[in-house]
Structures are given as C-alpha cells and as structure tokens.
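Residues per chain are reported as follows:
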Amino acid sequence: MYKRQVFLKGHGERSISGNDNTGYSKLVTELNNKGFSTEAHNLLLSGLPADTAVLVLAAPDRELLEGEIDHIKAYINDGGNLLWLMDPGDMQGTEELAKLLGIRFYPGIVVDNNNNLRNTLRIQHHAIIPVLDYVSHPVTENIQYNTLFPFSQGIEQIDTQFTASVIARSLPQSWAETSAVSDEIAYEPDNGDTEGPIGIVMALERAITDDSKATQRIIISGDSDFITNSYIGVGANLALGLNMFNWLAGDDDLIAVEPRNAPDIQFQLDDTEVLLIGLGYFIVLPAGLILAGVAIWLRRRKR
C-alpha cells in the first residue's frame, strides 16, 4: 500500500538525500526498498499533502515560523501520525508542539557511567548512550540487542491525553547532565541533574474517534543521530528505525520481519593494531618474499 513519508525541510533538518555522516540517505534507501514513498517538503511553498501517512520533523536548527507550527498542529489535531526527532538544545519554536502532545524534554544531555559496558562496546564518550532496556511495545518486539543514541535528551509525559510508552531508555548509572560534558562526570542533583534511567524514545497513541478502531500514532525521540548514515549500521539502530516507520504507518505485521543490518562502513583500529598491520605489510611480508627468492636461487644454483 502507498505510504507517503513527508520529511519537513527548510530549517536545517536532516537531509534525506545527503550522503555525509549526518544525512538520512541510507535510511531513505531502506524505506524506499520496503515500498514507502519518501519526500522532503517545505511548508512555506504549500501545506502538507493530503495523503501524508507520516510527517517527520528531524532536528531543525533554525526556528519554525508560527504559521508553520499552525500547519503541524492542525495535522496533529486531525489525527496525523508524527515522528519527531529532537536533539538537545534550542526548541526552535516547537514548544507549542510539545504542549499539544503533553510531553516535555529534560534539560541537559543524557550521560552514561556504566564503564564496564561502555568499555565492552568501545564507547569512548559518556554522551553516547547504549540502550538495552526496552519496554514491551510493537516497535521493540523484535529488538534483541543494543542500540546507540549519541547526544540525547530525556522525555517525559506531563499530560495524559495520549497513551504513552517509553520504549527506549538509558540504563541505571545514567542521568541528564545539565553541566558541560567532559571526561570526568558526576551526578549533581543540586545543579539540576535528573537521575536515570531516562526515557529517550516515547510512543504516543490515541483513538481518533470514539466509534472507530483507527488510532493516531506519534513517536518522539530525544536524539536524531541514531538513524543517520553514521550510526544506522550500529547495533539494532536500523531495525529500530524501520520499526518506528512501520508502526507509524500502520504496517504492524512488517515489524516482525527483522531487517538485514545496514553495512557498517566504519573500520576502527587502535595504535597497536595499526602497528602490527604496518609491520606485517612493510617488513614481514617483503622479508618473507626476499627469503623465498634467495632459497629458490640457491636451490637452482646447486642443480
């Protein structure tokens, strides 16, 4: 079935065609392969297409105009499905959307101090959050391993007009850090830090009409990086991202089909590994070839 995914543009949002690390081109390729229609849309040129299945607001870095917010609010009030990906920092004029949805973002950036786990996953920065704790929900039912959320903010529900589920959250020994994040971090509640676990992804749902089985679905994430080209191949990030779109578009049956992981094109070596490879290619291998040549020459000479 035709499912039109409309990505808002015009405010520095994530590019759906950008092939750089911050773009969504790999995600969009996966969506198109699964039969979704994807497009970028500027609300200043026209209103939202009438057949929009899911509206995606992906981390604007410039303020949305009041008229644009009115368009989005009208879409939500009419029962439209929304994926809102919001990075820490300025709300860029979206405060009214948060109020309409009955949610708020925690101040600060979520940090993780589970040192053993971070060392196992080779995570060097405290603000790159490993998520292993998923709440039972259709979006997470086939997620069997960790996802990574870099530089996230927490979310909580403050109004109960929607049924809300925190579907991904940080682990214990994490908190929302309101100070600058450095190599040494400390939980300081007197400075406004919020103790974890912290909700990072929240799903909202409500019936559109009293006599209908149709529901409105909304997902809010405190991080937009986890499905960028740089991170979509890490852990279960691709699976979680596709599950979000399937659930929002009403394709619940497709969630049970776990996607093939996107290739992770990052190849990281530490200094010791680089040294060993260098010694092998530039010393051991040439020396071996020379010795083999000498041995062959001596054997032929004896003949």
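See the structure shown above.
Residues numbered from 1 in each chain as written. Predicted model: local features only at pLDDT ≥ 70, side-chain atom pairs only at ≥ 80, totals over all residues. Heavy atoms only, no water.

Novice: For the packing of helix H1 (residues 25–33) against helix H5 (residues 237–248), give the residues involved together with the corresponding values.
Specialist: In a packed pair of helices, the relevant descriptors are the angle between the two axes and the axis-to-axis distance. H5 packs onto H1 with a crossing angle of 55° between their chain directions and a minimal axis gap of 11 Å. Considered as vectors, H1 and H5 are oriented oblique to each other. In this structure, the crossing between H1 and H5 has a hand that is right-handed. Facing Leu27, Glu30 and Leu31 of H1, the residues of H5 in contact are Leu238, Leu242 and Phe245. Split by residue class, the contact of H1 with H5 holds five nonpolar, no polar and one charged. (Axes fitted to C-alpha atoms, helices over the stretch in contact; angles between N-to-C directions. Helix = DSSP H or I, 4+ residues; strand = E, 2+ residues; numbered from the N terminus. Parallel < 35°, antiparallel > 145°, perpendicular 65-115°, else oblique. Left-handed = near helix turned anticlockwise from the far one by under 90°. Contact = heavy atoms within 4.5 Å. Nonpolar A, V, L, I, M, F, W, Y, C, P; charged D, E, K, R; others polar.)

Novice: Lay out the environment of Gly89 in plain terms, naming residues and giving numbers.
Specialist: Note on placement: Gly89 falls in the loop between strand S4 (81–85) and helix H3 (95–101). Overall, the relative accessible area of 56% leaves Gly89 in the exposed class. In this structure the C-alpha to C-alpha distance between Gly89 and Ile109, which are 20 residues apart in sequence, comes to 8.8 Å. (Buried < 20%, exposed > 50% of the residue type's maximum accessible area, 1.4 Å probe, protein only.)

Novice: So, H1: which residues are in play, and what are the values?
Specialist: Turning to H1, its buried residues are Ser25, Leu27, Val28 and Leu31. In an axial view of H1, the angular spread of the buried residues amounts to 155°, which keeps them on one side of the axis. Tucked into the core, H1 has its buried residues touching strand S1 (3–9), strand S2 (36–42) and H5. Gly35 sits one or two positions beyond H1 and adopts a positive phi of about 95°. (Arc of directions from axis to C-beta.)

Novice: I'd like a rundown of helix H2 (residues 66–77), residues and numbers included.
Specialist: For H2, built from 12 residues, the straight-helix expectation of 16 Å at 1.5 Å per residue is met to within 8% by its first-to-last C-alpha distance of 16 Å. By the burial criterion, the buried members of H2 are Glu68, Ile69, Ile72, Tyr75 and Ile76. End-on, the buried residues of H2 take up no more than an arc of 120°, which puts them together on one face. Two residues or fewer past H2, Gly79 is found with a positive phi of approximately 95°. (Expected span 1.5 Å × (residues − 1).)

Novice: Any chance you could break down the sheet that holds strand S6 (residues 109–112) for me, citing the residues and the numbers?
Specialist: Read across the open sheet, the three strands follow the order S6-S11-S12; overall the sheet is antiparallel. The open sheet has two edge strands, S6 and strand S12 (194–195), and neither has a second partner. One ladder, built from four bridges, connects S6 with strand S11 (residues 174–177); its direction is antiparallel. In the sheet register, Val111 faces S11, and the bridge partner there is Trp175. (Pairing = 2+ DSSP bridges.)

Geometric descriptors of this kind do not, in isolation, establish any biological role.
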